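# Chain and residue survey
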Amino acid sequence: MIKTLAKVREFVKSELQYETSGHDYTHITRVVNLAKLILKFEDADEELVLVAAYMHDILDDKVTTNPKEKRRKIQQKLEELNYSAEFIEHVFQIIDNMSFSANLVTKQKLSLAGQIVQDADRLDAIGAIGIARTFYFGGHFGEIIYDPQIMPRISMDKEDYRKKSTVINHFYEKLLKLVDQMNTDTAKKLAQSRQAVMLDFLTEFQAEWNGEK
Ligand code: ADP
Ligand code: NI
């Protein structure tokens, strides 16, 4: 199992090493480590959780212009590593349904394994790392930092979600909501301090923007 996971890791590294929107290989490593931490307290299939955590961003439309080709590549790699058809199907079930955008309109049903990967990915979207990734993503996609005239959107479908807003609005449109959407107790606890870091940051940002400091 360890040997196979090492091969999965090498594959993901070659796919995402030079990704520049905050979904690079170091994001994957952090998500895998957070998933391992959550796994200590949950009775889920460890190998399934880790393979899905490694693969979860490769075919995302933020990361690739050709998700179909990436799907084929993942399928091929997992077959080559002798994973069963059922296991591979479960991996895709997780990565197709775990994202924030896939859950905007209807909440998708996820297995416990999927809930763990989703929590790990969401934890890496918040806190200090979340702040850094969000500004990095905003720059990459040509968003402005802030405009008090542009209000955060209250409800969005996937298409709206991918339209430009401002980086600061992204905190209100997504990031601050995640603390209440964690699945596992471990993630709920870890999310608390990360939430506080974001709230402090936004308060400080607003004060400096308004010339109060
Ligand atoms: P998921 O892959 O979980 O659906 P997102 O599509 O929201 O997550 O993207 C992952 C991360 O990319 C976000 O947590 C955030 O850091 C960044 N990001 C996504 N959309 C935006 C945006 N419009 N502005 C700034 N950052 C964004
Ligand atoms: Ni991710």
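Residues numbered from 1 in each chain as written. Chains lettered and ligands numbered in written order. Predicted model: local features only at pLDDT ≥ 70, side-chain atom pairs only at ≥ 80, totals over all residues. Heavy atoms only, no water.

### Description of the environment of lysine 213
Tracing the sequence through the fold places lysine 213 in the segment after α10 (185-209). Relative accessible area serves as the criterion here: at 67%, lysine 213 is assigned to the exposed category. Between the C-alpha atoms of lysine 213 and phenylalanine 100, which are 113 residues apart in sequence, the distance is 35 Å. In contact with lysine 213, not counting residues within four places along its chain, are Glu204, Ala207 and Glu208. (Helix = DSSP H or I, 4+ residues; strand = E, 2+ residues; numbered from the N terminus. Buried < 20%, exposed > 50% of the residue type's maximum accessible area, 1.4 Å probe, protein only. Contact = heavy atoms within 4.5 Å.)

### Description of the coordination of the nickel ion (ligand 2)
By definition of the ideal shapes, a tetrahedral metal site with four donors has angles of 109.5 degrees and an octahedral site with six donors has angles of 90 or 180 degrees. On the protein side, the nickel ion (ligand 2) has His27 (NE2), His56 (NE2), Asp57 (OD) and Asp121 (OD) as donor atoms, found 2.1 to 2.3 Å from it. One way to put it: the four donor atoms around the nickel ion (ligand 2) meet at angles of 86 to 175°, and that makes the site irregular. We note that the donor set of the nickel ion (ligand 2) lies within a single chain, spaced as H-x28-H-D-x63-D. Of this pair, histidine 56 sits in the loop between α3 (46-55) and α4 (67-80) while aspartate 121 sits in helix α6 (residues 112-123), and the two are 65 residues apart along the sequence. (Donors = N, O, S within 2.8 Å, 3.2 Å for Na, K, Ca; no water. Tetrahedral: all angles 85-135°; square planar, octahedral: opposite > 155°, others 65-115°.)

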